[in-house]
Protein chains: 2
Amino acid sequence: MRKRFTLEEYKEGVLAGDRTKLSQAITLAESALESDLALASDLVQELLPYTGKSIRIGITGVPGVGKSTFIEAFGKLLLEQGKSVAVLAVDPSSKKSKGSILGDKTRMENLASDNRAFIRPSPTGTTLGGVSSKTREAMLLCEAAGFDVILIETVGVGQSETTVKGMVDFFLLLMLSGAGDELQGIKKGIMEMADGLVIHKADGDNLANAKKAKSTYSNALHLFPLAENNWSPPVLIASSLTKEGLIEIWEMVQQYTDQMQSSGFWESNRAEQRLNWLDENLQFLLGKFFLEHEQVQEMLCQNRNRVENGELSPLSLARDLITTFFNSTKN
Amino acid sequence: MRKRFTLEEYKEGVLAGDRTKLSQAITLAESALESDLALASDLVQELLPYTGKSIRIGITGVPGVGKSTFIEAFGKLLLEQGKSVAVLAVDPSSKKSKGSILGDKTRMENLASDNRAFIRPSPTGTTLGGVSSKTREAMLLCEAAGFDVILIETVGVGQSETTVKGMVDFFLLLMLSGAGDELQGIKKGIMEMADGLVIHKADGDNLANAKKAKSTYSNALHLFPLAENNWSPPVLIASSLTKEGLIEIWEMVQQYTDQMQSSGFWESNRAEQRLNWLDENLQFLLGKFFLEHEQVQEMLCQNRNRVENGELSPLSLARDLITTFFNSTKN
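Under the annotation held in an unreviewed UniProt entry, chain A carries the name LAO/AO transport system kinase and is attributed to Algoriphagus ratkowskyi.

Caption draft 1: Looking closely at the overall build of chain A. A count of helices and strands for chain A gives 13 helices and seven strands. Counting across all 331 residues of chain A, residues that qualify as buried make up 54%. Carbon and sulfur atoms make up 51% of the accessible area of chain A, which amounts to about 14600 Å² in all.

Caption draft 2: Quick peek at the relation of the copies chain B and chain A. Superposing chain B onto chain A takes a rotation of 180 degrees combined with a translation of 0.0 Å along the rotation axis, leaving an RMSD of 0.1 Å. Such a combination of rotation and displacement between the chain copies is what one expects of a two-fold axis. Most of the interface of chain B is mirrored in chain A, where 100% of its interface residues again form contacts.

Caption draft 3: Up close: the sheet that holds strand β1 (residues 55-60) of chain A. Residues and elements named next belong to chain A. Spatially, seven strands are ordered β3-β2-β4-β1-β5-β6-β7 in an open sheet, and the strand pairing comes out parallel. Strands at the two margins of the open sheet, each flanked by one partner only, are β3 (117-119) and β7 (235-237). Across the sheet, the mean angle from the axis of one strand to that of its neighbour is 25 degrees, orientation sign disregarded. Helix α4 (residues 67-80) rests against β1, β2 (85-90), β3, β4 (149-154), β5 (170-176) and β6 (196-200) of the sheet, and its axis sits at about 175 degrees to β4.

Caption draft 4: Local environment of unusual backbone geometry. A positive phi angle is found at Asn230 of chain A, which is not glycine, with a value near 65 degrees. With respect to the element layout, Asn230 of chain A can be found in the loop between α9 (206-221) and β7. Looking at Asn230 of chain A, the relative accessible area reads 57%, which means it is exposed. Residue Lys243 of chain B is not a glycine yet carries a positive backbone phi of 70 degrees. Along the chain, Lys243 of chain B falls in the loop between β7 (235-237) and α10 (246-263).

Caption draft 5: Fine view of helix α10 (residues 246-263) of chain A. Residue and element names in this part refer to chain A. Over its 18 residues, α10 extends 26 Å from the first C-alpha to the last, a length consistent with the 26 Å expected when each residue adds 1.5 Å. Considered for burial, the residues of α10 that qualify are Leu246, Ile249, Trp250, Met252, Val253, Tyr256, Thr257 and Met260. Buried residues of α10, seen end-on, are gathered within an arc of 155 degrees and therefore sit on one face of the element. In α10, the exposed positions angled more than 90 degrees off the buried face are occupied by Asp258 and Ser262. Positioned one or two residues after α10, Gly264 has a phi angle of 90 degrees, which is positive.

Caption draft 6: Representation of the interface of chain B and chain A within the structure. With 62 residues of chain B at the interface, the matching set in chain A holds 62 residues. On the chain B side of the contact with chain A, Lys188, Glu192 and Leu223 of chain B bury the most area, a combined 12% of that side's loss. At the boundary of chain B and chain A, one finds two salt bridges. Note that Glu34 of chain B and Arg319 of chain A form a salt bridge whose closest N and O atoms lie 2.5 Å from each other. Summed over the shared surface of chain B and chain A, the result is 10 residue pairs in polar contact (both at pLDDT 80 or more). For the side of chain B that touches chain A, the secondary-structure elements that each account for two or more residues are α3 (34-47), α9 (206-221), α11 (265-291), α12 (294-308) and α13 (314-330) of chain B. When its residues are assigned to classes, the side of chain B that touches chain A shows 38 nonpolar, 13 polar and 11 charged.

Caption draft 7: Layout of the packing of helix α12 (residues 294-308) of chain A against α11 of chain B. Here α12 of chain A crosses α11 of chain B at 135 degrees, and the two axes come no closer than 8 Å. Taken together, α12 of chain A and α11 of chain B sit at an angle that is classed as oblique. Where α12 of chain A approaches α11 of chain B, its residues Leu300, Arg304, Val307 and Glu308 of chain A are matched on the opposing element by Ala271, Arg274, Leu275 and Leu278 of chain B. Residues belonging to the contact of α12 of chain A with α11 of chain B are distributed by class as follows: five nonpolar, no polar and three charged.

Caption draft 8: View of the packing of aromatic side chains. Taken as a whole and assessed by the stated rule, the structure comprises 18 aromatic pairs over all chains. With 5.9 Å between their ring centres and 35 degrees between their planes, Phe118 of chain B and Phe147 of chain B make a pair best called tilted. Remark: Phe147 of chain B occurs in the loop between α7 (131-144) and β4 (149-154) and Phe118 of chain B occurs in strand β3 (residues 117-119); sequence separation between them is 29 residues. A connected cluster of aromatic rings, assembled from ring pairs, spans Phe289, Phe290, Phe325 and Phe326 of chain A together with Phe289, Phe290, Phe325 and Phe326 of chain B. Between Lys21 of chain A and the ring centre of Phe5 of chain A, over which it is positioned, the NZ or CZ distance is 4.4 Å.

Caption draft 9: How the structure looks around the domain arrangement of chain A. Residues and elements named next belong to chain A. Splitting chain A by domain gives domain 1 (1-50), domain 2 (51-262) and domain 3 (293-330). Contact residues are listed per partner, giving 19 residues for domain 1 and 20 residues for domain 2. In total, about 1600 Å² of surface goes out of reach between domain 1 and domain 2, with carbon and sulfur atoms giving 62% of it. Run the count over domain 1 and domain 2 and you get one salt bridge. One salt bridge in this structure joins Glu30 and Arg120, with 3.0 Å as the shortest N-O distance. Taken together, the connections running from domain 1 to domain 2 amount to six residue pairs in polar contact (both at pLDDT 80 or more).

Caption draft 10: Molecular detail of the side chain of Glu137 of chain A. With respect to the helices and strands, the residue Glu137 of chain A is situated in helix α7 (residues 131-144). No salt bridge forms around the buried Glu137 of chain A; measuring N to O, its nearest opposite-charge neighbour Lys134 of chain A is 7.3 Å away. Discounting residues that sit within four places of it in the chain, Glu137 of chain A has contacts with Ala29, Val44 and Trp277 of chain A together with Leu315 of chain B.

Caption draft 11: Here's a closer look at the pattern of salt bridges. Residue and element names in this part refer to chain A. The tally for this structure, following the rule as stated, stands at 24 salt bridges over all chains. The salt bridge partner of Asp36 is Arg4, with a shortest N-O separation of 2.5 Å. Of this pair, Asp36 sits in helix α3 (residues 34-47) while Arg4 sits in the segment before α1 (7-15), placing them 32 residues apart in sequence. Of the charged contacts, one joins Glu46 and Lys11 as a salt bridge, the two residues approaching to 3.0 Å between their closest N and O atoms. On the criterion of sequence distance, the pair formed by Glu46 in helix α3 and Lys11 in helix α1 is long-range, its members being 35 residues apart. With relative accessibility at 16%, the residue Lys11 sits in the buried group.

Caption draft 12: Broad picture of the environment of Arg19 of chain B. Residues and elements named next belong to chain B. With respect to the helices and strands, Arg19 occurs in helix α2 (residues 19-29). With a relative accessible area of 30%, Arg19 lands in the partly exposed category. Linking Arg19 and Cys142, residues 123 residues apart in sequence, is a C-alpha distance of 9.3 Å. Excluding residues that lie within four positions of it along the chain, Arg19 makes contacts with Ala112, Asp114, Asn115, Arg116, Ala117 and Phe118. Here the side chain of Arg19 touches Asn115 through a polar contact of 3.1 Å, landing on its backbone oxygen.

Caption draft 13: Highlighting the confidence of the model for chain A. Residues and elements named next belong to chain A. Mean pLDDT over chain A: 87, with 87% of residues reaching 70 or higher. Across chain A, α10 holds the top mean pLDDT of 98, while helix α5 (residues 100-107) sits lowest at 50. Confidence over residues 124-131 falls short of pLDDT 50; this stretch has 11 contacts with residues more than four positions distant or in other chains. Of the two predicted TM-score estimates for the complex, the pTM is 0.83 and the ipTM is 0.84.

Criteria and thresholds
Residues numbered from 1 in each chain as written. Chains lettered and ligands numbered in written order. Predicted model: local features only at pLDDT ≥ 70, side-chain atom pairs only at ≥ 80, totals over all residues. Heavy atoms only, no water. Helix = DSSP H or I, 4+ residues; strand = E, 2+ residues; numbered from the N terminus. Buried < 20%, exposed > 50% of the residue type's maximum accessible area, 1.4 Å probe, protein only. Areas by Shrake-Rupley, 256 points an atom, 1.4 Å probe, with all protein chains shown as cover. Least-squares fit on C-alpha atoms with pLDDT ≥ 70 in both. Contact = heavy atoms within 4.5 Å. Pairing = 2+ DSSP bridges. Axes fitted to C-alpha atoms, helices over the stretch in contact; angles between N-to-C directions. Expected span 1.5 Å × (residues − 1). Arc of directions from axis to C-beta. Buried area = accessible area lost by both parts, 1.4 Å probe. Salt bridge = Lys/Arg side-chain N within 4 Å of Asp/Glu carboxyl O. Polar contact = N/O pair within 3.5 Å; in protein donor to acceptor, adjacent residues only side chain to side chain. Nonpolar A, V, L, I, M, F, W, Y, C, P; charged D, E, K, R; others polar. Parallel < 35°, antiparallel > 145°, perpendicular 65-115°, else oblique. Phe/Tyr/Trp six-rings, centres within 6.5 Å; stacked < 30°, edge-to-face > 60°. Lys NZ or Arg CZ within 6 Å of the ring centre and 35° of its normal. Domains from an automatic or database assignment. Lys, Arg positive; Asp, Glu negative; His and termini not counted. pLDDT = per-residue confidence, 0-100.

Spelled out as structure tokens, the structure:
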């Protein structure tokens, strides 16, 4: 049995920057037990006044782009700049990732050994839809523990990029140089989410190609619509091996931060994210009660493929399911 | 009082291609009355075996790109090709559009006068979230009435492009030539949804610029990720004034249709759309019951801005709202 603490104990531990207590608080938030979730929810609410001061950076890219080595090298640079760093991962289906995430995290030994860094492996055995709020809570807990920069890695499965984009201030896309072939692995829509692009592994024989890719992508991106914040995503090149270009990435993030904080976009974006988070939680919790309902489950199980193959109208089934649900909860 | 018919009367009328009955059936589906919605839902279910045979084309573009003139010219070309055409519009907030939609539709006189064309103005005074299913139902009703091609126009407000993308086979983006400045009006993410791009108003002094834009965009698009169907969106130029390029657009759609039907993507995409439609309907109906609940409304009204400004945790409020809702429905 895992040991639980009181609300006060968790709160004091997290605020004191106690990493063991921070880990235990995140585990509490990731729990499947209703009593744990209620306590975690209260804890986050209590700690809310101490959150919001970090810079939240989301990092994505296809497998093989070198996300882990980048996060380790970039994290170390941030430590050198006097910043403390927490690393989280959003992985909506850990079971599918064949353990690579855990492998990645153990490889970040250099970063993990510094006491101003905190690395949290992604949760395992999670429920779809519940993960996003748990990562958000993990993020808030890290902020209350005093970390200056939160790096959130997405593994690119399912809706994970959209989820991460919805909880960060800056979304960074790592790419490989080449004639665009590597992009086949990037899902549609991801490029337009990015606040900055980095051509990674720009070292040795790759350097010339990386420079060419930088210029090609810069030109192409100018043809695409600007975001509402009027920020034009820069294209940079970097190597986690030679460390070339890493400081420029941090400067880009700082420039973005300055610009968005003066324009007011920083805060309005976070306010919008909070309301979206409320919506997501409501949808998730409503859906949870609904889908756990026995008759609903049965009806859905029997008719879902009839909707899929076009025999049954989606609206008809939806109406029947809702009627079944509300009639029985009223009794 | 609007006159209602029996399920059989609607069904027979729609299947016979009776345009008045078709209009009345769509009005029924757009109704705010529960009894109308129940009847419309049954009607769509009854007509389902007669649907699915049309080509569904979504059309978007910034205001001023000439969507109405394009739809009229392209619609007439389809009639010349021996196809019957229905035109629908998705407009999630008609009140904000200052009547331009209605104005547009009345300008399509040339197309509307042909009895193989059916033009349905967008619904007015609609509830957010409910519109998408209603447009889908309007689309199915038009299919059951025998139309070969359905053109669905999106006005670009809110989530309307995503909604339309989720109900069509082919999504067409109209653009203007120029140095990319016109794109500022296009929302991020829209370009990556497109199955084909058309530089519109490619006539007179604009023609040279349009040709240049075609080549610039073709090159840029090659850098961007391919969709899972392996279709690379072509960039074409066209004029609704001179009719140049319109037939090439229809050929592009036909080529896409052939390719996707042989690869199986056509049907798998529609199957996915049906399941998404089920999800959307469930979310909408669950949300409707939830948000119509008096205590929920009151609690949400009092606390929503506390979430927005970061005082109250989104998860805490969501949990309280859900508890309130389910405790009271159980009594």
